[in-house]
Every structure is written in C-alpha cells, then in structure tokens.
Amino acid sequence: MTEDPSPSPEPSYGSEASPAPETQHRRRPRYSGKYPRKFAEKYKEHDPARFQDTIAKVMASGKTPAGMHRPIMVAEVLEALAPAPGNLAADCTLGYGGHSTEILRRILPGGRLLGLDADPIELPKTEARLRAAGFGPEAFTAHRSNFAGLRNVLAAEGIDGVNLIFADLGVSSMQFDEPARGFSFKAEGPLDMRMNPGRGQPASALLRKLAPAQLAVMLEENSDEPHAAILAQALAGQDFATTTALTRAIRGALTRQSEDDREMSVRRVFQALRIAVNDEFSALETLLRSLPECLATGGRVAILTFHSGEDRRVKKAFEAGLRDGLYSEINREVIRPSPDERHANPRSSPAKLRWAIRA
Ligand SMILES: C[S@@+](CC[C@H](N)C(=O)[O-])C[C@H]1O[C@@H](n2cnc3c(N)ncnc32)[C@H](O)[C@@H]1O
C-alpha cells in the first residue's frame, strides 16, 4: 500500500480485540438474547470465509453483514465503464473492493487497477483481501489518498491517462456500521465521522466551534434540512461527545414535529456533519475538475452518488465537459438501481449513476 504525501498515525479502537493464538480455545461470547446484536460481537459476520451460511442469511434478509460492504449497481457500473483486458483503471473509492474485484476480473490479463481510499483503517484489510483473492501487485495497488489527489497518484506511478475511472461516493457499510467511527445515529459512539481519523477534526469539535448562523447554512447546503434554523440554535456551540447525545438533542429541539419528521432530521443532520467534517463537496469538485486530465482519449468515468448535493455536482460537471468538448458523450437520463436490487439491498435505494466518455 502506498501512502499519500502526509501520512497520519493509525488510530486504535477499543472494540478491536487482539487476536488469540491459533491453538487457544475461545469460548463463545455471551450475549443478552439469542444472537449478537452489537457490531463488535458479530463474530460470524466478521469472518465471512468461515461462516458463509450466516453471511448468506444476513444478506437474504436485506441487511449488510457487519464488517462488509455490498457493492451497488455492479452490472450498470460495468456496462458504463466497459472494462476490457489490458485496461488501466482507477477506483477512487476502493472501500471493501467489491466494484474493484469485478473490474479487475475484466481487465486481466494485462490490465492494472489503482485503488484509492482515504480510510487508513479499512484500506489495509481490503488490500489483504484482494491479494488473497489472487490479485498481485502487478494487477492491483492500494493507495491511501483522498481522490482529490488522483492526478498526483497517477503522476507518481508514471501514468498519463487511464481507460476507466470509478467513484462510489460517501461512506462504506464497514465505516457506517462501526460505532467507534461515529457515523451512525443508530449506535452509541464518539461523535467523530472522519474517514481518516488521523486528519482534521471530529464532528464534536466542529459543532462546538460553529455559530448558529454558520450551522444553519451548513445544514441547508449539505442536506436541505427544512428545520435548519431551529436546529442550529439548539446545536451550535454545544458539546456533544457521543452520537446518541446529538441524536437526543435533535429530537428534543423538534418536539412540535411528527416522529417521522424528527427521524428524517436526525439523518439529515448526521449527513450534513459528515459532509462538512470530510470536506466532501470540495474533494468531489476537485476530482471532477481533474477527470479530463486523468482519462486517456476514449476513457470512461462512472460515478455513483447518494444525495442531491453530490448528484447536482456530477451532472453539472459532465454537462459542462460535454459542452466544452472534453467529453464526447454523457448519459442523458440518470441510471437508478433496479427494484430487485432496492429490495435485496435497501442501502442501494438512493443511488444514482452517471457516466461520461473522454473525447
Ligand atoms: C461507498 S464506499 C465504496 C465501496 C466500494 N465501491 C465497494 O464496492 O466496496 C466509499 C469509500 O470511499 C472512501 N472515500 C470517500 N470519500 C473519499 C475521498 N474523498 N477520497 C478517498 N476515499 C474516499 C470511503 O472511505 C469509503 O471507503
């Protein structure tokens, strides 16, 4: 794995137990109830190679097993990218490596994929998984880098332009479901939300520093929050150490709204904070600007987005690129997951796919 220019220390999380020696017998942990409910205790889901039946059952129920990510709209992404043997590819958001695995299968023999991800915790695990799946360093390399630096990563590898670029925006299920990362309102954890916990400031520090007017703008711009003014008054400048403390405060500020409305606001506040903490829109805009330079002539880019702030930016950049002659073709109609996929994996529901071809 290569690192981006200014590496940061790897954090350690209390939930990661140190591995026991192979020979030592380990008792099954005790749970309250029949099945483990906490992320860290789902030992079968964390070991998909040994417990394939459990993984299949969890997925059949429409859920994502703990510690895994189910790739979204794989067939549609592959159709848009049209990978072929010998192609050079960049996956800007490697995640669990689901899309990369499918692309690698199609660009080999002779092809090569560079997988970028900002997350120093999941990236080495994914690199090891892809190596174990048989993809050697001549076919696949992992790069811990923000995708805003794609051009630099390619330059450092002596690559002028690639045939395909893919990005699947937002956070992975591994990040979202791990309470210690602080992305989810569904479980108690530190209010952190950093994709790279060694960089920048956690969401708790950001909220503490913001004035109500700044937070109101952020909630409107990042997640179209209709109760931005009320929430900004209640939350800005406050000290929320945990995800659950913030969730309680959001619900408490919206007592006149219906329960459904309150829950939607909880989701939107978490989304808006995550976008701000990780500077997601500016990273996306930088990537979109750099795409024409990073693609070889005839090269293809496909981007999966999950909310309007992302989709608007991708749509505008592709349309401008077509007008300016940088792209020869873009998709006119946005592509959505099939009803079957939405049913099988509800996390796919908000996804939108757009593609462009370099002129
Ligand atoms: C939705 S997941 C990708 C899942 C992947 N397609 C798969 O099949 O497993 C998004 C990933 O992108 C990473 N990510 C998000 N924004 C990033 C950025 N600006 N630069 C680099 N990685 C980023 C996250 O850390 C996360 O691992």
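See the structure above.
Just so it is clear, the model here is predicted, and its values are computed rather than measured.

*Asks:* What am I meant to see in the overall build of the protein chain here?
*Replies:* Across its full length, the protein chain carries 14 helices and eight strands. Its C-alpha atoms give the protein chain a radius of gyration of 21 Å, within 12% of the compact-globule value 21 Å for 359 residues. Seen along its three principal axes, the alpha-carbon backbone of the protein chain occupies a region of about 60 × 55 × 45 Å. Buried residues in the protein chain amount to 49% of all 359 residues.

*Asks:* Before we go on, may I ask you to explain the site of the ligand in this structure?
*Replies:* Within the structure, the ligand sits among 24 residues, and Tyr-96, Asp-117, Phe-147, Asp-168 and Gln-175 are positioned closest to it. Gly-97 places a polar main-chain atom, nitrogen or oxygen, 3.2 Å from an oxygen atom of the ligand. Isolated, the ligand exposes 610 Å² of accessible area, and the fraction of that covered by the protein chains is 97%. Considered class by class, the residues forming the shell around the ligand number 10 nonpolar, 11 polar and three charged.

*Asks:* Would you mind showing me how to read unusual backbone geometry here?
*Replies:* The general pattern is negative phi for most residues beyond glycine and trans for most peptide bonds. Residue Pro-109 follows Leu-108 across a cis peptide bond; omega there is 0°. Residue placement: Pro-109 occurs in the loop between α3 (98–107) and β3 (112–117). One non-glycine residue, Met-193, lies in the positive phi region at around 75°. Structurally, Met-193 is set in the loop between α6 (173–177) and α7 (203–209). Given a relative accessible area of 0%, Met-193 falls into the buried group.

*Asks:* Explanation requested: the environment of Leu-94 in the structure shown.
*Replies:* With respect to the element layout, Leu-94 can be found in the loop between β2 (88–91) and α3. If near-sequence neighbours (up to four positions away) are discounted, Leu-94 is found in contact with Ser-100, Gly-115, Leu-116, Asp-117, Leu-123, Thr-126, Leu-130 and Phe-140.

*Asks:* Before we go on, may I ask you to explain the sheet that holds β2 in this structure?
*Replies:* Each strand in a sheet pairs with its neighbour through backbone hydrogen bonds, running either in the same direction (parallel) or in the opposite one (antiparallel). Read from one edge of the open sheet, eight strands run β1-β4-β3-β2-β5-β6-β8-β7, paired in mixed fashion. Each edge of the open sheet is held by one strand with a lone partner, namely β1 (2–3) and β7 (327–330). As paired elements, β7 and strand β8 (residues 352–358) share three bridges and run antiparallel to each other. Counted as the bridge partner of Glu-329 is Ile-357 from β8. Most of the contacts of helix α2 (residues 74–81) go to strand β6 (residues 295–305), to which it runs at about 160°, and overall it touches β5 (162–168), β6 and β8. Sheet strands touched by helix α12 (residues 280–294): β5, β6, β7 and β8. Its angle to β6, the strand with the most contacts, is close to 150°.

*Asks:* Explain the pairing of β3 to me, please; I cannot follow it from the model alone.
*Replies:* The side chains of a regular strand alternate between both faces of the sheet. Of all six residues in β3, six are buried, a share of seventy percent or more. Burial along β3 is two-sided: Arg-112, Leu-114 and Leu-116 facing one way and Leu-113, Gly-115 and Asp-117 facing the other are all buried. Sheet topology note: the β2/β3 ladder contains four bridges and is parallel. The residue bridging Asp-91 from the neighbouring strand is Gly-115, located in β3. As a crossover connection, the stretch from β2 through α3 into β3 is right-handed. Regarding the hand of the β-α-β motif, the stretch spanning β3, helix α4 (residues 122–132) and strand β4 (residues 140–144) is right-handed.

Criteria and cut-off values
Residues numbered from 1 in each chain as written. Predicted model: local features only at pLDDT ≥ 70, side-chain atom pairs only at ≥ 80, totals over all residues. Heavy atoms only, no water. Helix = DSSP H or I, 4+ residues; strand = E, 2+ residues; numbered from the N terminus. Rg over C-alpha atoms; globule rule 2.2 N^0.38 Å. Buried < 20%, exposed > 50% of the residue type's maximum accessible area, 1.4 Å probe, protein only. Near = heavy atom within 4 Å. Polar contact = N/O pair within 3.5 Å; in protein donor to acceptor, adjacent residues only side chain to side chain. Areas by Shrake-Rupley, 256 points an atom, 1.4 Å probe, with all protein chains shown as cover. Nonpolar A, V, L, I, M, F, W, Y, C, P; charged D, E, K, R; others polar. Contact = heavy atoms within 4.5 Å. Pairing = 2+ DSSP bridges. Axes fitted to C-alpha atoms, helices over the stretch in contact; angles between N-to-C directions. Right-handed = clockwise from strand over helix to strand, strands pointing away.

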